[in-house]
Amino acid sequence: AGGDYSVLFAYDQRLRKEISELEKNISENQFSANNIKAQLNTHLYKLVEIQESFFSLLKNKYPKYYNTWLFPQITTISQLQNKLHNDESFIEYYLSDSALFSIVISKNTKYFNKYECCYNELAGAISNYMNIISRFKSSTPKGLNIFNRQSYSLYSCFIKPIKEQFNNKSLIISADGIINYIPFETLTQTCDSFSDADYRKLNYMIFD
């Protein structure tokens, strides 16, 4: 109803997933018996027909969803720069198996960065950090220092290497996959050691 397209989105994603898995299954069974391949292909054809009917329904009854989600407009870098204010920077992250990529776009500049890293190690560090801040039971100096080290480690990976490229007060961050779970405003910008458990003393990104 109205602008709530969650049911349409869920069905669309389910169809796409089933078609993708079936295409993979067909590829893996290309040397199987002919009757098996025929059954898989028949199933695929039926799914594609269902998807085409679904798209036709969307086009007629939900044109807004059809046009914005299924066929989104691509924004160019120049168009994005025109929409940014002078004190804003847009940062996009993508993590592959062996590298972290980032694109930094400001009003008059743009940068593309690549840093070698291990996906599993970085994903593990993010997961550990999320566990720490979701529970936050430790009010001891040791607990604070562990949190600060974990937080600064992520800051050193994602923000510190590119900080000179934006130098702005306002960041718009678009993150891929597990990176999207990082609350960047909580990352600390220094890794000092503390003898008390006052979390207010930490130099969080949100302060800048």
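What comes next is a walk through the structure. Worth saying up front: this structure is predicted, and the values here are computed from it rather than measured.

What counts, and where the lines are drawn
- Residues numbered from 1 in each chain as written.
- Predicted model: local features only at pLDDT ≥ 70, side-chain atom pairs only at ≥ 80, totals over all residues.
- Heavy atoms only, no water.
- Helix = DSSP H or I, 4+ residues; strand = E, 2+ residues; numbered from the N terminus.
- Contact = heavy atoms within 4.5 Å.
- 1 Å grid on protein atoms, 1.4 Å probe; cavity = no way out; pocket = protein on both sides within 12 Å on 5 of 7 lines; lining within 4 Å.
- Points joined across faces, edges and corners; volume = space filled by probe spheres on them.
- Nonpolar A, V, L, I, M, F, W, Y, C, P; charged D, E, K, R; others polar.
- Pairing = 2+ DSSP bridges.
- Axes fitted to C-alpha atoms, helices over the stretch in contact; angles between N-to-C directions.
- Core = buried A, V, L, I, M, F, W, Y, C linked by side-chain atoms within 4.5 Å.
- Buried < 20%, exposed > 50% of the residue type's maximum accessible area, 1.4 Å probe, protein only.

Section: the side chain of Asn145
Piece 1. Along the chain, Asn145 turns up in helix α6 (residues 141-158).
Piece 2. Not counting residues within four places of it along the chain, the set of residues in contact with Asn145 comprises Asp192, Ser193 and Phe194.

Notes on the layout of surface pockets
Piece 1. There is about 370 Å³ of room inside the largest pocket.
Piece 2. Taken together, 16 residues form the lining of the largest pocket, with Asn168, Lys169, Leu171, Met205 and Asp208 sitting closest to its centre.
Piece 3. Contributions of two or more residues to the lining of the largest pocket are made by α7 (163-166) and β4 (170-175).
Piece 4. With three residues, α7 is the single largest residue contributor to the lining of the largest pocket.
Piece 5. Its residues assigned to classes, the lining of the largest pocket comprises eight nonpolar, three polar and five charged.

A few points about the sheet that holds strand β2 (residues 99-106)
Piece 1. One open sheet holds the four strands; their spatial order is β3-β2-β1-β4, and the pairing between them is mixed. Lying at the two open borders of the sheet, with one neighbouring strand each, are β3 (110-116) and β4. For this sheet, the mean angle separating the axes of adjacent strands, direction not counted, is 20 degrees.

Digging into the nonpolar core
Piece 1. Core analysis: the largest hydrophobic core is formed by 28 residues, its most contacted members being Tyr93, Leu154, Phe158, Ile159, Ile179, Phe184 and Leu187.
Piece 2. If you list the elements that add at least two residues to this core, you get β1 (88-95), β2, α5 (119-135) and α6.
Piece 3. It is α6 that contributes the most residues to this core, six residues altogether.
Piece 4. Discounting residues that sit within four places of it in the chain, Phe158 has contacts with Tyr93, Leu100, Leu122, Ile126, Ile179, Ile182 and Phe184.
Piece 5. Leu8, Leu44, Leu47 and Leu70 belong to the second largest nonpolar core, which has twelve residues in total.

Thoughts on the pairing of β2
Piece 1. Most of β2 sits out of view: six of its eight residues are buried.
Piece 2. Hairpin remark: β1 followed by β2, antiparallel, with three residues in the connecting loop.
Piece 3. Two strands pair when backbone bridges link them, and β2 and β3 are joined in this way by seven bridges, in the antiparallel orientation. Within β3, the position partnered with Val104 by the bridge is Tyr111.
Piece 4. Between β2 and β3, which follow one another and run antiparallel, lie three residues.

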